[in-house]
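Structural description and commentary
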Amino acid sequence: MKRREFLAALAATALTPATGWAAPAGMRLKAEPVSVRLLPDGQGVTRMLGFNGSTPGPEIRARQGGRVAVAFENGIDSASAIHWHGIHIDNAMDGVPGLTQAAVKPGDAFDYVFDVSHSGTYWYHSHERSWEQVAKGLYGPLIVEERDPPRVDRDITVILDDWRLTRSGELHPNFGNRHDFSHDGRIGNFARALVSRETVRRGDRVRLRLINTATARIFPVRITGGAGKVVAHDGMPLAAPEPLGELVLAPAQRTDVILDVAGPVTFAMLTGRGAYELGKIAAEGANPAPVKTPIAPLPPHAAPKPDRERARRLTLAMQGGAMSRMGMTGMMRGGDFWAFNGRSGLPRAPWQRFERGETALITMRNDTAFPHGIHVHGHHFHELDENGAPGHYRDTTLVDPRRRRDVLCVFDNPGKWLIHCHTLAHQASGMKTWVEVV
Ligand SMILES: [Cu+2]
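Residues numbered from 1 in each chain as written. Predicted model: local features only at pLDDT ≥ 70, side-chain atom pairs only at ≥ 80, totals over all residues.

What follows concerns the overall build of the protein chain. Across its full length, the protein chain carries four helices and 29 strands. Taking 2.2 N^0.38 as the reference for a compact globule, 438 residues should give roughly 22 Å; the C-alpha atoms of the protein chain span a radius of gyration of 21 Å, in line with that estimate. Along the three orthogonal principal directions, the C-alpha set of the protein chain runs to about 60 × 50 × 45 Å. A buried classification covers 50% of the 438 residues belonging to the protein chain. Counting only contacts in the protein chain whose residues sit at least 6 apart along the sequence, the fraction spanning at least 24 positions is 77%. (Helix = DSSP H or I, 4+ residues; strand = E, 2+ residues; numbered from the N terminus. Rg over C-alpha atoms; globule rule 2.2 N^0.38 Å. Buried ≥ 20, exposed ≤ 12 C-beta atoms within 10 Å, placed from the backbone. Contact = placed C-beta atoms within 7 Å.)

With 93% of its residues at a pLDDT of 70 or more, the protein chain shows a mean pLDDT of 92. Scored below 50 in pLDDT, residues 1-23 shows 48 contacts in the model against residues more than four places distant or in partner chains. (pLDDT = per-residue confidence, 0-100.)

When a protein is soluble and globular, its nonpolar side chains tend to lie buried together. Grouped together as the largest cluster of nonpolar side chains are 113 residues, with contacts concentrated most on Val158, Leu160, Val221 and Val257. With eight residues, strand 17 (residues 254-271) is the largest single contributor of residues to this core. The two domains that each donate at least three residues to this core are domain 1 (22-286) and domain 2 (312-437). Excluding anything up to four places from it in sequence, Val257 contacts Leu208, Leu210, Ile223, Gly228, Val230, Val231 and Leu244. (Core = buried A, V, L, I, M, F, W, Y, C linked by C-beta atoms within 7 Å. Domains from an automatic or database assignment.)

It is worth spelling out the pairing of strand 19 (residues 312-320) at this point. Relative to strand 22 (residues 358-366), strand 19 runs parallel, the two sharing seven bridges. The residue bridging Arg313 from the neighbouring strand is Leu361, located in strand 22. Examined bridge by bridge, strand 19 and strand 20 (residues 338-340) share three bridges and lie antiparallel to one another. Bridging from a neighbouring strand, Gln319 pairs with Ala339 of strand 20. (Pairing = 2+ DSSP bridges.)

A separate point is the sheet that holds strand 24 (residues 381-384). Within a sheet, adjacent strands bond to each other through the backbone by hydrogen bonds, running parallel or antiparallel. Reading across from one edge, 20-19-22-27-24-25 is the order of the six strands in this open sheet, with mixed pairing throughout. What marks the edges here is a single partner per strand, and that holds for strand 20 and strand 25 (390-394). Pairwise comparison of adjacent strand axes, ignoring direction, gives a mean angle of 25° for this sheet. (Axes fitted to C-alpha atoms, helices over the stretch in contact; angles between N-to-C directions.)

Relative to the assigned elements, His420 resides in strand 28 (residues 415-421). When the 27 C-beta atoms within 10 Å are taken as the criterion, His420 is described as buried. On a C-alpha basis, the gap between His420 and Gly373 in space is 8.2 Å, while along the polypeptide they are 47 residues apart.

Before going further, it helps to spend a moment on the environment of Glu132. Counting through the fold element by element, Glu132 comes out in helix 1 (residues 130-133). Sequence spacing of Glu132 and His372 is 240 residues, and the spatial spacing of their C-alpha atoms is 18 Å. Contact partners of Glu132, with chain neighbours within four places excluded, come to Phe175 and Gly176.

The element strand 29 (residues 432-437) is largely enclosed, with a buried count of five among its six residues. Where strand 21 (residues 352-354) and strand 29 come together, three bridges link them in parallel fashion. Each bridged residue has a counterpart across the sheet, and for Gln352 the counterpart in strand 29 is Val435. Here strand 28 pairs with strand 29 via six bridges, running antiparallel.

Here we come to the sheet that holds strand 29. Spatial strand order, 21-29-28-23-26: five strands in an open sheet with mixed pairing. Looking at the sheet topology across the chains shown, the edges are occupied by strand 21 and strand 26 (396-399). Adjacent strand axes in the sheet meet at a mean angle of 20°, parallel and antiparallel pairs treated alike.

On to the domain arrangement of the protein chain. By the assigned domains, the protein chain splits into domain 1 (22-286) and domain 2 (312-437). Centre-to-centre, using C-alpha coordinates, domain 1 lies 23 Å away from domain 2. Taken together, the contacts link 31 residues of domain 1 with 34 residues of domain 2. Considering every element that reaches the side of domain 1 that touches domain 2, the biggest residue donor is helix 2 (residues 178-182), with four residues. In terms of residue class, the side of domain 1 that touches domain 2 is made up of 13 nonpolar, 12 polar and six charged. (Nonpolar A, V, L, I, M, F, W, Y, C, P; charged D, E, K, R; others polar.)

Between Thr55 and the following residue, Pro56, the backbone shows a cis peptide bond with an omega angle of -5°. Along the chain, Pro56 falls in the loop between strand 3 (46-51) and strand 4 (59-63). Despite not being glycine, Asp234 shows a phi value in the positive range, around 50°. Mapped onto the secondary structure, Asp234 falls in the loop between strand 14 (219-233) and strand 15 (236-243). When the 25 C-beta atoms within 10 Å are taken as the criterion, Asp234 is described as buried. One non-glycine residue, Arg402, adopts positive backbone phi at about 60°. According to the C-beta neighbour criterion, Arg402 is exposed, with 10 such atoms within 10 Å.

Quick look at the structure:
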């Protein structure tokens, strides 16, 4: 735990969003100022931004193979746009101002309509001044249900987030300061797990959909209260469920867990100074007929087969940050702090242009002293281990300082796709590029 985390020691109580946790797939989504009771009773409200009166915004649920139609209205006083994180989306609907659409001005509207080919746990968030707008609350869960869902008693969304608050409970106004931009981003001093249900029964089999919506914090999480398995990352099913150990979720990453409840379910953040309880689901009563079958894999998705032999070999080197030469120059001259391959900010021409269906083997090499979670829009990619064997199939991969990770990506979705660090201050300060699939 770092400076100003004075609030983290407070007992965390379950916070459920004020309104509209579940919403139909055809809906209106209005960005607007909201007041949220983030702190425990009697400690005031926090003025934030939200959708339809709440932050997180309403949970959008669709069915695999279905269509999502959202009439977005911008009711805040700066331009905005919505990105649908992890969806293999029609490029025009990806929500990236400057690349796929113009930012939606205050008072204006934009209709997002797209098909959802893959079931899983996704989320939506602002992609305009995201380092500020997401930190202020402009995001929500997007769940695509399987055609043939696994049998569970409860399906629960668990949002991991943190906020930087003043002592009176307001969002700290120091958005966009150069220290955050050149270091770890806007790390909050108050972290929580927001759960969509406050109670379960002993003997219930529950699906927990964890989403890290923080702009900067990497959450190491331990779940207690039952025996479970990890069944998906970033929406994509694991071929074989994995033991539930300590989870690490970088910003924007998701993990699905299926858990057989034995008692209260708790979510703890592991830190060098101990475990902090982020949130809890109480256990009340008992399920008279618990599911006894082993936890099975989720139904697999058809994924494009990478062509390793002919894969284009690329390196995406992450550079900059405090203490680096670029970081010092940025500090002195007021420029960007971060770069990919020596280039900061969005280039006019794409970093790479791919024929549709082409495979790329990308070495994501972190030359900096900070971790980065790199997100590729519109696609998932295979993380490779040190021996080149494929591991998880993700849309955001965490690369630790001075480490590298190879990923194999089939670029099969036509359009202009952003690649960026999901520490949103790093993205804002240069760590982004884009590819074009033609
Ligand atoms: Cu980064």
